[in-house]
Amino acid sequence: MKIKTVFYTLMITLAISSCGNKKNSYDELASSGRTTRTENLKSNLIKFNSKGVMIGQMYGTLEGIGWKNEKSKSDFFNICHDNPAVNGYELSGIESNKKTNIDGLQFSWIAKNAISAFKQGSMIVMNWTAPNYNGNKSILKAYVKSLSNFINNLQDGYGIKVPIVLYLYPVDGKSWYCNLSIDKYKKLYEDTKDMLNDNKVTNVILGYSETYKNNNFLERYPEDAEIINITYLQTKDNINITEYKNTLASFLPKAISFAQEHNNTLGLTTGIESIPDSSYFSNILMPIVERHRLAYVMFGANHGDYKSGHFYTPYPGDGNDKIRGFMKLYNNEHTIFLSKLNGLYLESK
């Protein structure tokens, strides 16, 4: 009997090992069907408001002035020896199985970078600016399937999925879905959410993102959205600092009140390209993070050669006044960079 038992045990072991080299996953699911880390992130987004404002950047650890995809590098770190608490990425192009996104960054880089940032404790934000599926539901399903596969495969070496804040169809005033009626936009959002669920995506917090244009903002907000992002950037060709300050002062209180009414939280993507005012961080932005309960402030991306002026945060070699202003923001008690971000994915007591 003992010989038979050993034989059967050996056969079972061989059978299991022959099924492929799948990762051993220690990713538990909460009662909601999402991973526990994703649920913890959702809960902590509101609770962390009392601790301060997370500071991040689009492609913050993936691209900067004069560099791309260099390990353990960021313009943040080269200035203040700390990294972004929030890393943002655009996924447009993933639905068509392209190698690079609309900003020319390889999806393989994005995946590796996001996993690395998560392992360090950073929050991961992804936008999906989707192409027009021209009313063909089969095409939309195929698009969402490709998106789902990418997100599902964002796992560390133990099979732990990276929790993602995913902004579906960010309302930028340019994309095709911005021309849909409010009801049709919300229906598209809801249908896509259902498709993600059908594809067993368990590591996303769905958000709503809108570029601020006028006082009618947030009309398209879907009730299922669990976090809100407002984008307000000024490019170097359209800088008006007075207008920038007045616009933020006008819409932020309304947006925060709206988020609170919907038991939600608000993130802000912002910045003035090329930073024409060296006091921007200390005199314009710092009072905002002190006054308003925001989940995060995420700056626009730094990219290209320094001569092009495509940057929203200082970089090595930039003017000392800009760097000093940024350091004042960094040292403010209300700001959270990566070194101060603890427990974002843990269950809060």
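Before reading further, recall that the structure is shown in the block above.
The following paragraphs examine the structure supplied in this document. (Residues numbered from 1 in each chain as written. Predicted model: local features only at pLDDT ≥ 70, side-chain atom pairs only at ≥ 80, totals over all residues. Heavy atoms only, no water.)

In terms of regular secondary structure, the protein chain is built from 9 helices and 11 strands. The C-alpha atoms of the protein chain give 22 Å as radius of gyration, which agrees with the globular expectation for 349 residues (20 Å, within 12%). In terms of its C-alpha atoms, the protein chain occupies a principal-axis envelope of roughly 85 × 45 × 40 Å. Looking at the 349 residues of the protein chain, the share that counts as buried comes to 54%. A fraction of 72% describes how many contacts in the protein chain between residues 6 or more apart in sequence connect residues 24 or more apart. (Helix = DSSP H or I, 4+ residues; strand = E, 2+ residues; numbered from the N terminus. Rg over C-alpha atoms; globule rule 2.2 N^0.38 Å. Buried < 20%, exposed > 50% of the residue type's maximum accessible area, 1.4 Å probe, protein only. Contact = heavy atoms within 4.5 Å.)

Below, the discussion takes up the packing of aromatic side chains. The geometry of an aromatic ring pair is captured by the separation of the ring centres together with the interplanar angle, meaning the angle of the planes. Summed over the entire model, instances satisfying the criterion amount to 26 aromatic pairs. When the centroid spacing of 6.2 Å and the interplanar angle of 45 degrees are considered together, the rings of Tyr177 and Tyr185 count as tilted. We classify Tyr185 as buried; its relative accessible area is 0%. Measuring from centroid to centroid gives 5.4 Å for Tyr232 and Tyr244, while their planes differ by 20 degrees, and the two rings are stacked. (Phe/Tyr/Trp six-rings, centres within 6.5 Å; stacked < 30°, edge-to-face > 60°.)

By volume, the largest pocket is sized at about 1100 Å³. Forming the boundary of the largest pocket are 36 residues, of which Asp172, Lys174, Thr211, Thr231 and Leu233 lie nearest the centre. When residues of the lining of the largest pocket are traced back to their parent elements, those giving at least two are β5 (123-128), β7 (204-211), β8 (228-234) and β10 (296-299). Sort the elements by how many residues they give to the lining of the largest pocket and β8 lands first, with 5 residues. Among the residues forming the lining of the largest pocket, the class breakdown is 14 nonpolar, 13 polar and 9 charged. In this structure, the second largest pocket occupies an estimated 460 Å³ of space. Lining the second largest pocket are 20 residues, with Lys71, Ser72, Lys112, Asn113 and Ser116 positioned closest to its centre. When residues in the lining of the second largest pocket are grouped by element, the largest group, 7 residues, is from helix α4 (residues 107-119). Of the residues assigned to the lining of the second largest pocket, the class counts are 6 nonpolar, 9 polar and 5 charged. (1 Å grid on protein atoms, 1.4 Å probe; cavity = no way out; pocket = protein on both sides within 12 Å on 5 of 7 lines; lining within 4 Å. Points joined across faces, edges and corners; volume = space filled by probe spheres on them. Nonpolar A, V, L, I, M, F, W, Y, C, P; charged D, E, K, R; others polar.)

Shape descriptors only; they carry no functional weight alone.
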